Amino acid sequence: MIAAVTARAADRAKALGAELALERLRQELEQVPRLGVLLGSPGQDGTEVRKTRIEPQGGVSGPAVAYVYTPAPPPPTVAIVAVTPDDGVPTE
């Protein structure tokens, strides 16, 4: 399994102060590539678009992360394509 972060997603994570958290997520996705919520239906080739959330840390709100999982051709890959401020309601 290969997991990578696009330049745009890396820049956005840096702007949000979430670089380290994004790297931890990238490493986790190498082990468990189907975290979070599936957005839409998988493609015929098994490609999935998913969204997950990084937990808030050290006063920095947790961003939402969108990524694409492609099982074929081997090796399976994950590309983190978007990092945005989480649109969910904060929980206490």
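Everything below is about the structure printed above this text.
Here's what I pulled together on the structure shown here. Since we're looking at a predicted model, the values are computed, not measured.

### Some thoughts on the sheet that holds strand β2 (residues 37-38)
Taken in spatial order, the 5 strands make up an open sheet running β1-β5-β4-β3-β2, and their pairing is mixed. Of all the strands in the sheet, the pair left with one neighbour each is β1 (2-5) and β2. One ladder, built from 8 bridges, connects strand β4 (residues 63-70) with strand β5 (residues 77-85); its direction is antiparallel. Note that in β5 the partner of Ala64 across the bridge is Thr84.

### Regarding the side chain of Thr52
Relative to the helices and strands, Thr52 resides in strand β3 (residues 48-53). Those residues in contact with Thr52 that sit more than four places away from it in its chain are Leu25, Leu35, Gly36, Pro63, Ala64, Val65 and Tyr67.

### Some words on the nonpolar core
In terms of nonpolar packing, the biggest core is built from 15 residues, with Leu22, Leu25, Leu29, Val65, Ile80 and Val83 touching the most fellow members. Mapped by element, the contributors of at least two residues to this core are α1 (7-16), α2 (19-31), β4 and β5. Those residues in contact with Val83, other than ones at most four positions away along the chain, are Ala9, Arg12, Ala13, Leu16, Leu22, Pro63, Ala64 and Val65.

### With respect to the pattern of salt bridges
Tallied over the entire structure, the rule returns 5 salt bridges. Where Arg26 meets Glu30, a salt bridge forms, and the shortest distance between an N and an O atom there is 2.8 Å. Highlighted residues: Arg26 and Glu30, both in helix α2, separated by 4 residues, approximately one helical turn. When its relative accessible area of 27% is taken as the criterion, Glu30 is described as partly exposed.

Reading the values: the criteria
- Residues numbered from 1 in each chain as written.
- Predicted model: local features only at pLDDT ≥ 70, side-chain atom pairs only at ≥ 80, totals over all residues.
- Heavy atoms only, no water.
- Pairing = 2+ DSSP bridges.
- Helix = DSSP H or I, 4+ residues; strand = E, 2+ residues; numbered from the N terminus.
- Contact = heavy atoms within 4.5 Å.
- Core = buried A, V, L, I, M, F, W, Y, C linked by side-chain atoms within 4.5 Å.
- Buried < 20%, exposed > 50% of the residue type's maximum accessible area, 1.4 Å probe, protein only.
- Salt bridge = Lys/Arg side-chain N within 4 Å of Asp/Glu carboxyl O.

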